[in-house]
Amino acid sequence: MSSFLSNSTNQSKLQFATVALASAAVTASAIYGYQQSRHGERLNRLKKSIPNPAGDAEPELQNVTRQGPVPKLDREDEHNQALAHRAQNGDFDDELILEQLARNRVFLGDEGLAKLRNSFVVIVGCGGVGSHAATTLARSGVSKLRLIDFDQVTLSSLNRHAVATLADVGLPKVQCLQRRLIAITPWVRFDLRLQKFDGSVAPELLGAWEKDGQMPDFVIDAIDNIDSKVELLKYCYDNNLPVISSMGAGTKSDPTRIMVGDIGTSTDDGLSRATRRRLKLLGVTSGIPVVYSTEKMGEGKAALLPLPEDEFKKGDVGDLAALPDFRVRILPVLGTMPAVFGYTVANHVILKISGYPLDYIPQKGRDKMYDAIQAFVQASEEKIIRAVTGGPREICIGLKVPIQQGEVSFLVEDIYKAKSAITGIPTKLVLIRWQKPTRDILIRIGEGADEQKSSDLKLSELVCMTKDEAARHQKEVLLGEKTLEELYDAEVIEKVAKRQEEIKLYEKYR
């Protein structure tokens, strides 16, 4: 009997549990259904509230084109413009924005996403790299984007541009990006600047957001012209504006070789190398993050296409450029690579602004070496001046040598590849004059206590050697009577001559 009662009790408990579970499932389903219904209602209200613009209404796109009126928008463009107008005036459900940014929110956290949503980023250059960076930043939550580019979308742009279509050909690139991105993130505000960047307009283009005075949280350099790139990076460096620079994506094909590192570590990329050299001569040796490729050129790989011989015969080929100082040859670009560069740049900006931890390759700690080399040049010049003038030791008191640390780095790292020009040895390197001076190299300005003394020394007059080689060179050539031909073979002399010519090409940027 007791066994029967026990079984009955257990069965009752099981029935109660089953009923409770079923009830909970029904309740949860009802709550979820209600939430989905409310979500659908919000979406429908938003869609229905967007007015249907009249056929002849003025387009809302910022009218920046200088080639004529903005092309007439189709109905989808008009719909997107109306939605963007509402969103940028605060008439947009923030819950929908947060849902669109949900994956970033989970990754970066509420605080990180809030920083991103309150940020202002400037993108200079809106081609292959810049368009992918801009698109990613808009999709990730950045609320203010200033887009700077003087160029228009062309048919050849379509293999690498992030959002351009055939309908956008002829439209300014900055306007093309705004036109397409408001359909994805209508709440993002755009400031479009159809102009070429250079140092004279830097304060304006990299200045505050007009409506609230907010300074840029980050600047992206996606320029492929070296002069403009150097001026942008130097301005950001001098004015403490956070910046990241994209180096050359052209002729590259291996995405696994793309790196992020300091400007001082980017040694294998052509555009990076030229930019780094110019910056060093301006005193910037490190402190700028860059995206670059370590991929090397090789047989069978793409390269800058040569200009036909008949064009050289016509005269100055620079006249063929679209703008002064811009390339006149075609740069082969695989459409995937600018996208990878652009995403990498945007990734860096997102993590930096949101405060997410990141670590890149550390820069080479060679500042002490450069200081020692600079001191060696100073001591060597003092000895040469005393020997040439026959004056007392005091003649060199207060002597200044016109060589900066950045220029030492430029000569040692970029010109001589951190090796002795004599033997190729990479240790205990110094810089020293190559030829014995045939002119008075002591420059004196003023008199008495106000007198300034300096050595007349050009970068192209210095050569990289080991300390032991330099001591021998100084004793036998600079302070002795031996000629270069008596001390070195023809191959070494020719090598140094080539390096000197290379240095002269860059000396004009000092």
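Remember, predicted model here, so these are calculated numbers, not experimental data.

Participant: Whenever I open this one, the overall build of the protein chain confuses me. Can you help?
Facilitator: For the protein chain, the helix and strand inventory stands at 16 helices and twelve strands. The buried share among the 510 residues of the protein chain stands at 45%. Residue pairs at least 24 apart in sequence account for 73% of intrachain contacts in the protein chain once pairs closer than 6 positions are excluded. Of the roughly 26700 Å² of accessible surface on the protein chain, a fraction of 53% belongs to carbon and sulfur atoms.

Participant: Explain the sheet that holds strand 5 (residues 243-246) here, please?
Facilitator: Neighbouring strands of a sheet are bound in pairs by backbone hydrogen bonds; such pairs are parallel or else antiparallel. Judged by pairing direction, the sheet is mixed, and its seven strands sit side by side in the order 3-2-1-4-5-7-6 without closing on themselves. Because the sheet does not close on itself, it has two edges, and the strands there are strand 3 (189-193) and strand 6 (258-262). Looking at each pair of strands side by side, their axes are set apart by 20 degrees on average, direction ignored. As defined by bridge partners, strand 5 adjoins strand 7 (residues 289-293) across two bridges and the pair is classed as parallel. Within strand 7, the position partnered with Ser 245 by the bridge is Val 290.

Participant: Help me out: how do you make sense of the packing of helix 5 (residues 128-140) against helix 11 (residues 336-354) in this one?
Facilitator: Describing two packed helices takes the angle between their axes plus the distance from one axis to the other. Closest axis-to-axis distance for the helix 5/helix 11 pair is 7 Å, and the angle between their directions is 40 degrees. Considering their axes alone, helix 5 and helix 11 lie oblique with respect to each other. In terms of crossing hand, the pair formed by helix 5 and helix 11 is right-handed. Residues Gly 128, Val 129, His 132, Ala 133, Thr 136, Leu 137 and Ser 140 of helix 5 form the contact with helix 11, whose own contacting residues are Pro 338, Ala 339, Phe 341, Gly 342, Tyr 343, Ala 346, Val 349 and Ile 350. Taken together, the residues of the contact of helix 5 with helix 11 sort by class into ten nonpolar, five polar and no charged.

Participant: Please explain the environment of Ser 200 as it appears in this structure.
Facilitator: Its location among the elements puts Ser 200 in the loop between strand 3 and helix 7 (202-205). Since its relative accessible area comes to 62%, Ser 200 is described here as exposed. With 31 residues separating them along the chain, Ser 200 and Glu 231 place their C-alpha atoms 9.2 Å apart. Within polar-contact distance, the side chain of Ser 200 engages the side chain of Asp 198 at 2.4 Å.

Participant: Please clarify how the nonpolar core should be interpreted in this entry.
Facilitator: Side chains of nonpolar character tend, in soluble globular proteins, to be buried together. Grouped together as the largest cluster of nonpolar side chains are 50 residues, with contacts concentrated most on Val 121, Leu 137, Leu 145, Leu 147 and Ile 220. The element contributing the most residues to this core is helix 11, with eight residues. For Leu 137, the contacting residues outside a window of four places in its chain are Val 121, Ile 123, Val 142, Leu 145, Ile 220, Ala 346, Val 349 and Ile 350. Counting residues in hydrophobic clusters, the runner-up holds 45 residues, among them Ile 384, Ile 415, Val 463 and Cys 464.

Participant: How do you make sense of a nonpolar patch on the surface when you look at a structure like this?
Facilitator: Nonpolar side chains collect at one region of the surface, where Leu 155, Leu 166 and Val 169 lie side by side and expose about 310 Å² of accessible area between them. By the secondary structure assignment, Leu 166 is in the loop between strand 2 (144-148) and helix 6 (173-181).

Participant: Would you mind showing me how to read the environment of Ala 167 here?
Facilitator: In this structure, Ala 167 sits in the loop between strand 2 and helix 6. We classify Ala 167 as exposed; its relative accessible area is 55%. Distance in space between the C-alpha atoms of Ala 167 and Val 153 is 9.8 Å, their sequence separation being 14 residues. Ignoring sequence-local partners within four residues, the contact set of Ala 167 consists of Arg 179 and Arg 180.

Participant: Quick question: what am I supposed to make of the side chain of Lys 234 here?
Facilitator: As for its placement among the helices and strands, Lys 234 is situated in helix 8 (residues 226-238). For Lys 234, the residues in contact, after removing those within four places along its chain, are Leu 279, Leu 282 and Val 284.

Participant: How should the pattern of salt bridges be read in this particular structure?
Facilitator: Opposite charge on two side chains permits them to pair, given that their charged atoms come into close proximity. This structure, assessed with the given rule, holds 27 salt bridges. A salt bridge links Arg 193 to Glu 204, with the nearest nitrogen and oxygen atoms 3.4 Å apart. With Arg 193 in strand 3 and Glu 204 in helix 7, this pair connects stretches of sequence that are eleven residues apart. Given a relative accessible area of 17%, Arg 193 falls into the buried group. Since its relative accessible area comes to 45%, Glu 204 is described here as partly exposed.

Participant: When you look at the sheet that holds strand 8 (residues 399-400) in this model, what are you seeing that I'm missing?
Facilitator: Ordered in space as 8-11-10, the three strands form an open sheet in which the pairing is mixed. At either end of the open sheet lies a strand with only one pairing partner, and these are strand 8 and strand 10 (442-445). Pairing analysis gives two bridges linking strand 8 to strand 11 (residues 452-455), with the strands arranged parallel. Looking across to strand 11, one finds that Leu 399 is bridged to Lys 453.

Participant: Please clarify how helix 5 should be interpreted in this entry.
Facilitator: Three- or four-residue spacings in an α-helix give side chains the same orientation, since the helix completes a turn every 3.6 residues. Over its 13 residues, helix 5 runs 19 Å from end to end, which matches the ideal 18 Å to within 8%, given 1.5 Å per residue. Among the 13 residues in helix 5, twelve count as buried, and that is most of the element. Two residues or fewer after helix 5 comes Gly 141, characterised by a positive phi angle close to 120 degrees.

Participant: What is the right way to look at the pairing of strand 4 (residues 218-221) in this model?
Facilitator: Because side chains alternate across strand 4, one face comprises the buried residues Phe 218 and Ile 220, and the other comprises Val 219 and Asp 221, equally buried. Bridge analysis of strand 1 (residues 120-124) against strand 4 gives four bridges, and the strand direction is parallel. From the neighbouring strand, Ile 123 faces strand 4, where its bridge partner is Ile 220. Note that strand 4 and strand 5 share three bridges and pair parallel. Residue pairing across strands places Ile 220 opposite Ile 244, the latter belonging to strand 5.

Participant: Before we go on, may I ask you to explain the confidence of the model for the protein chain in this structure?
Facilitator: Segments scoring low in pLDDT should not have their predicted coordinates read at a detailed level. Considering every residue of the protein chain, the mean pLDDT works out to 81; 78% of them sit at 70 or more. Taken element by element, the protein chain is modelled with least confidence in helix 10 (residues 309-313), mean pLDDT 45, and with most confidence in strand 1, mean pLDDT 98. For residues 1-5, every residue scores under 50 in pLDDT, and the model assigns this stretch zero contacts once sequence neighbours within four places are set aside. Contacts of residues 53-59 to residues separated by more than four positions or lying in other chains number five contacts, the stretch itself having pLDDT below 50.

What counts, and at which threshold
Residues numbered from 1 in each chain as written. Predicted model: local features only at pLDDT ≥ 70, side-chain atom pairs only at ≥ 80, totals over all residues. Heavy atoms only, no water. Helix = DSSP H or I, 4+ residues; strand = E, 2+ residues; numbered from the N terminus. Buried < 20%, exposed > 50% of the residue type's maximum accessible area, 1.4 Å probe, protein only. Contact = heavy atoms within 4.5 Å. Areas by Shrake-Rupley, 256 points an atom, 1.4 Å probe, with all protein chains shown as cover. Pairing = 2+ DSSP bridges. Axes fitted to C-alpha atoms, helices over the stretch in contact; angles between N-to-C directions. Parallel < 35°, antiparallel > 145°, perpendicular 65-115°, else oblique. Left-handed = near helix turned anticlockwise from the far one by under 90°. Nonpolar A, V, L, I, M, F, W, Y, C, P; charged D, E, K, R; others polar. Polar contact = N/O pair within 3.5 Å; in protein donor to acceptor, adjacent residues only side chain to side chain. Core = buried A, V, L, I, M, F, W, Y, C linked by side-chain atoms within 4.5 Å. Patch = residues over 30% accessible without salt bridge, like charges linked within 9 Å, V, L, I, M, F, W, Y side chains within 5 Å. Salt bridge = Lys/Arg side-chain N within 4 Å of Asp/Glu carboxyl O. Expected span 1.5 Å × (residues − 1). pLDDT = per-residue confidence, 0-100.

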